[in-house]
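Spelled out from the first residue to the last, the chains are:
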Amino acid sequence: MMQVLPIQSCANTKKDQSPGRLIVLTGPSGVGKGTLMRSLLQRHPQLYYSVSVTTRSPRPGEINGKSYYFISRSKFEQLIAEGEFLEWAEFAGNYYGTPRETLLNQVQSGKLVVLEIELEGARQIRTSFPNALSIFILPPSFDELEKRIRGRAQDSEEAIARRLCRAQEELKAADEFDIKIVNDNFETALNEIEAALFK
Ligand SMILES: Nc1ncnc2c1ncn2[C@@H]1O[C@H](COP(=O)(O)OP(=O)(O)OP(=O)(O)O)[C@@H](O)[C@H]1O
Ligand SMILES: Nc1nc2c(ncn2[C@@H]2O[C@H](COP(=O)(O)O)[C@@H](O)[C@H]2O)c(=O)[nH]1
């Protein structure tokens, strides 16, 4: 188990700076988290998005260092052993993790930091950072979720099956989160996230 410093214990060196806050966006694969996140970041450039590390292969159009840091499994395992992740999980056959140092620096400097991560990682963050705001994004229906994953046309049939199977488990955990938002109408869902963040 990695040792994680609570944000509150990270001394804030500048007296007039309020500490930042951690926001966690979670939900089943294909629900629209990434699309919502991109719009949110465009509308609110003051937000800091934590770029994750993964062992998944890049999809067409994904940029190393922007979409993810793409690394090998052995390198990821080395980083786990070195305690470089704030949280990490295995999802549908690949590792995903949040780099610790940059994120803590951003929070300490007063930023609102947003993470888009799966359920196990969100649970780890909740344990380590009880003050983090956690948001769960729901699909309007399971059929619509499947339609969106397939419509994205980025995953193999095997990957889609794994993601849908995992989605059934993730949806059962929605009540663990501070706020639940149904991503049916995109604009409405985005407005609801904004309300949660900036109220
Ligand atoms: N409200 C919406 N109505 C219809 N389609 C949507 C809506 N929101 C997102 N989508 C579409 O659903 C597909 C999946 O969205 P996205 O890739 O953002 O999901 P995700 O939750 O980030 O998935 P993953 O966790 O696998 O990365 C995309 O094609 C996106 O354009
Ligand atoms: N626990 C973590 N989960 C993460 C992280 N970065 C992304 N994710 C989640 O993984 C799945 C699959 O993502 P995809 O890009 O392969 O579709 C999805 O739920 C992401 O939110 C992370 O750093 N930690």
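Residues numbered from 1 in each chain as written. Chains lettered and ligands numbered in written order. Predicted model: local features only at pLDDT ≥ 70, side-chain atom pairs only at ≥ 80, totals over all residues. Heavy atoms only, no water.

The name an unreviewed UniProt entry gives the chain is Guanylate kinase, with Atlanticothrix silvestris CENA357 as the organism. Recorded in UniProt for the chain, the comment headed Sequence similarities (unreviewed entry) runs: "Belongs to the guanylate kinase family." Recorded under Catalytic activity (unreviewed entry), the UniProt text for the chain is reproduced unchanged: "GMP + ATP = GDP + ADP". (UniProt positions renumbered as here; feature names shortened; annotations may be inferred.)

Novice: What is the right way to read the overall build of the chain from this model?
Specialist: What the chain contains, in helices and strands, is seven helices and nine strands. Here the C-alpha radius of gyration of the chain, 17 Å, is about what a compact globule of 199 residues would show, namely 16 Å. Dimensions of the chain along its principal axes, counting C-alpha atoms only, are 50 × 40 × 30 Å. Going through the 199 residues of the chain one by one, you find that 48% of them count as buried. Of the contacts formed within the chain by residues at least 6 apart in sequence, a portion of 70% connects residues at least 24 apart. Here the chain displays about 10,400 Å² of accessible surface, and carbon together with sulfur accounts for 51% of that area. (Helix = DSSP H or I, 4+ residues; strand = E, 2+ residues; numbered from the N terminus. Rg over C-alpha atoms; globule rule 2.2 N^0.38 Å. Buried < 20%, exposed > 50% of the residue type's maximum accessible area, 1.4 Å probe, protein only. Contact = heavy atoms within 4.5 Å. Areas by Shrake-Rupley, 256 points an atom, 1.4 Å probe, with all protein chains shown as cover.)

Novice: So what exactly am I meant to see when it comes to the site of ligand 2 here?
Specialist: The environment of ligand 2 is formed by 16 residues, the closest being S52, R56, Y68, E87 and Y96. Here an oxygen atom of ligand 2 sits 2.5 Å away from a polar atom, N or O, in the side chain of R56. E118 places a side-chain nitrogen or oxygen 2.7 Å from a nitrogen atom of ligand 2. Alone, ligand 2 offers 510 Å² of accessible surface; in the complex the protein occludes 96% of this. Elements represented by at least two residues in the shell around ligand 2 include exactly β5 (85–91) and β6 (94–99). (Near = heavy atom within 4 Å. Polar contact = N/O pair within 3.5 Å; in protein donor to acceptor, adjacent residues only side chain to side chain.)

Novice: Even after reading the chapter, I still don't get the confidence of the model for the chain, so can you show me in this structure?
Specialist: Detailed reading of the predicted model is not advised wherever pLDDT is low. Mean pLDDT for the chain: 91, with 91% of residues reaching 70 or above. Throughout residues 1–18 the model reports pLDDT below 50, and contacts reaching past four residues in sequence, or to other chains, amount to 31 contacts. The ipTM, which scores confidence in the relative placement of chains, is 0.98 for this predicted complex, and the corresponding pTM is 0.91. (pLDDT = per-residue confidence, 0-100.)

Novice: Help me understand the UniProt feature "domain: Guanylate kinase-like" (unreviewed entry) in the chain in this model?
Specialist: Mapped onto this numbering, the UniProt entry gives "domain: Guanylate kinase-like" (unreviewed entry) at residues 20–198. Taken end to end, residues 20–198 is 44% helix and 22% strand, and its two terminal C-alpha atoms sit 13 Å from one another.

Novice: Before we go on, may I ask you to explain the sheet that holds β6 in this structure?
Specialist: Two pairing modes exist for strands in a sheet, parallel and antiparallel, and in both the strands are linked by backbone hydrogen bonds. Pairing is mixed across the open sheet formed by four strands, whose spatial order is β4-β3-β6-β5. Edge positions in the open sheet fall to β4 (69–70) and β5, since each of these has one partner strand only. Taken together, the two bridges between strand β3 (residues 53–54) and β4 define a ladder with parallel strand orientation. Its bridge partner lying in β4, T54 is registered against F70. (Pairing = 2+ DSSP bridges.)

Novice: Quick question: what am I supposed to make of the pairing of strand β9 (residues 179–182) here?
Specialist: Looking down a regular strand, the side chains alternate between one sheet face and the other. Here β9 shows a clear split, with I179 and I181 buried on one side and none of K180 and V182 buried on the other. In this sheet, β9 lies alongside strand β8 (residues 133–138) in parallel orientation, the contact comprising four bridges. Note on β9: the bridge partner recorded for F136 is K180.

Novice: Would you take a moment to explain the packing of helix α5 (residues 142–152) against helix α6 (residues 157–172) for this structure?
Specialist: Any two packed helices are characterised by how steeply their axes cross, that is the angle between the axes, and by the distance between the axes. In contact at an axis separation of 11 Å, α5 and α6 are set at 150 degrees when each is read in the N-to-C sense. Handedness of the α5/α6 crossing: right-handed. Facing α5, whose interface residues are F142, L145, E146, I149, R150 and R152, α6 presents E157, I160, R163, L164, A167, Q168 and L171. Class assignment for the residues of the contact of α5 with α6 results in seven nonpolar, one polar and five charged. (Axes fitted to C-alpha atoms, helices over the stretch in contact; angles between N-to-C directions. Left-handed = near helix turned anticlockwise from the far one by under 90°. Nonpolar A, V, L, I, M, F, W, Y, C, P; charged D, E, K, R; others polar.)

Novice: So what exactly am I meant to see when it comes to the sheet that holds strand β2 (residues 48–49) here?
Specialist: Taken together, five strands build an open sheet; the order of strands is β2-β7-β1-β8-β9 and the sheet is parallel. Either end of the sheet is taken by a strand with one partner, and the two such strands are β2 and β9. Helix α4 (residues 119–128) contacts β1 (21–26) and β7 (112–116) of the sheet and is inclined by roughly 155 degrees relative to β1.

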